[in-house]
Amino acid sequence: MRVDIYSKPACSLCDAALEVVERVRARIPFELRLISILEDPALVAAYRYDIPVVFINGQPVFKHRVEEAELEAYLLQVLNGTQVAHSPARDE
């Protein structure tokens, strides 16, 4: 399972999201990639006003804020092969 966080330097919401993700990662192992949107103009255009955006296995799941309990529940559902309900990040 892979979690990608699209962010940029000096972003307090991004730092907070990373802290939450790392706490959950201590309990549920997964691959984590931090992706700076500043490295790709297309990412800046797509996420400039929405960072951080957290993707799990290629699906957008959270943006702006990551709730620890919701992230853990989502990851457990993915691990168990359970159908996952839409999140606000995916519905937009």
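As recorded in an unreviewed UniProt entry, the protein chain goes by Glutaredoxin and comes from Stigmatella erecta.

The next thing to look at is the packing of helix α1 (residues 12-25) against helix α3 (residues 68-80). Between α1 and α3, the shortest axis-to-axis distance is 10 Å and the interhelical angle comes to 45°. The orientation of α1 with respect to α3, classified from their angle, is oblique. You can see that α1 and α3 cross each other, and the crossing is right-handed. Residues Val20, Val21, Arg23 and Val24 of α1 form the contact with α3, whose participating residues are Glu68, Leu71, Glu72 and Leu75. For the contact of α1 with α3, the per-class residue count stands at 5 nonpolar, no polar and 3 charged.

Once that is clear, we can look at the state of the cysteines. Disulfide: a covalent bond connecting the sulfur atoms of a pair of cysteines. Taken as a whole and assessed by the stated rule, the structure comprises 1 disulfide. Each disulfide pairs two cysteine sulfurs, and for Cys11 the partner residue is Cys14, the sulfurs being separated by 2.4 Å. Handedness of the Cys11-Cys14 disulfide follows from its S-S torsion of about 70°: it is right-handed. In this pair, the class of Cys11 matches that of Cys14, namely buried.

To continue, consider the pairing of strand β3 (residues 53-56). What you see with β3 is no split at all: Val53 and Phe55 on one side and Val54 and Ile56 on the other are buried throughout. Alignment of β3 against strand β4 (residues 59-63), held across 4 bridges, turns out to be antiparallel. Its bridge partner being in β4, Phe55 is matched across the sheet by Pro60. Counting the residues between successive antiparallel strands, the hairpin from β3 to β4 contains 2 residues, one of them, Asn57, with a positive phi of roughly 50°.

What counts, and at which threshold
- Residues numbered from 1 in each chain as written.
- Predicted model: local features only at pLDDT ≥ 70, side-chain atom pairs only at ≥ 80, totals over all residues.
- Heavy atoms only, no water.
- Axes fitted to C-alpha atoms, helices over the stretch in contact; angles between N-to-C directions.
- Helix = DSSP H or I, 4+ residues; strand = E, 2+ residues; numbered from the N terminus.
- Parallel < 35°, antiparallel > 145°, perpendicular 65-115°, else oblique.
- Left-handed = near helix turned anticlockwise from the far one by under 90°.
- Contact = heavy atoms within 4.5 Å.
- Nonpolar A, V, L, I, M, F, W, Y, C, P; charged D, E, K, R; others polar.
- Disulfide = S-S within 2.5 Å.
- Buried < 20%, exposed > 50% of the residue type's maximum accessible area, 1.4 Å probe, protein only.
- Pairing = 2+ DSSP bridges.

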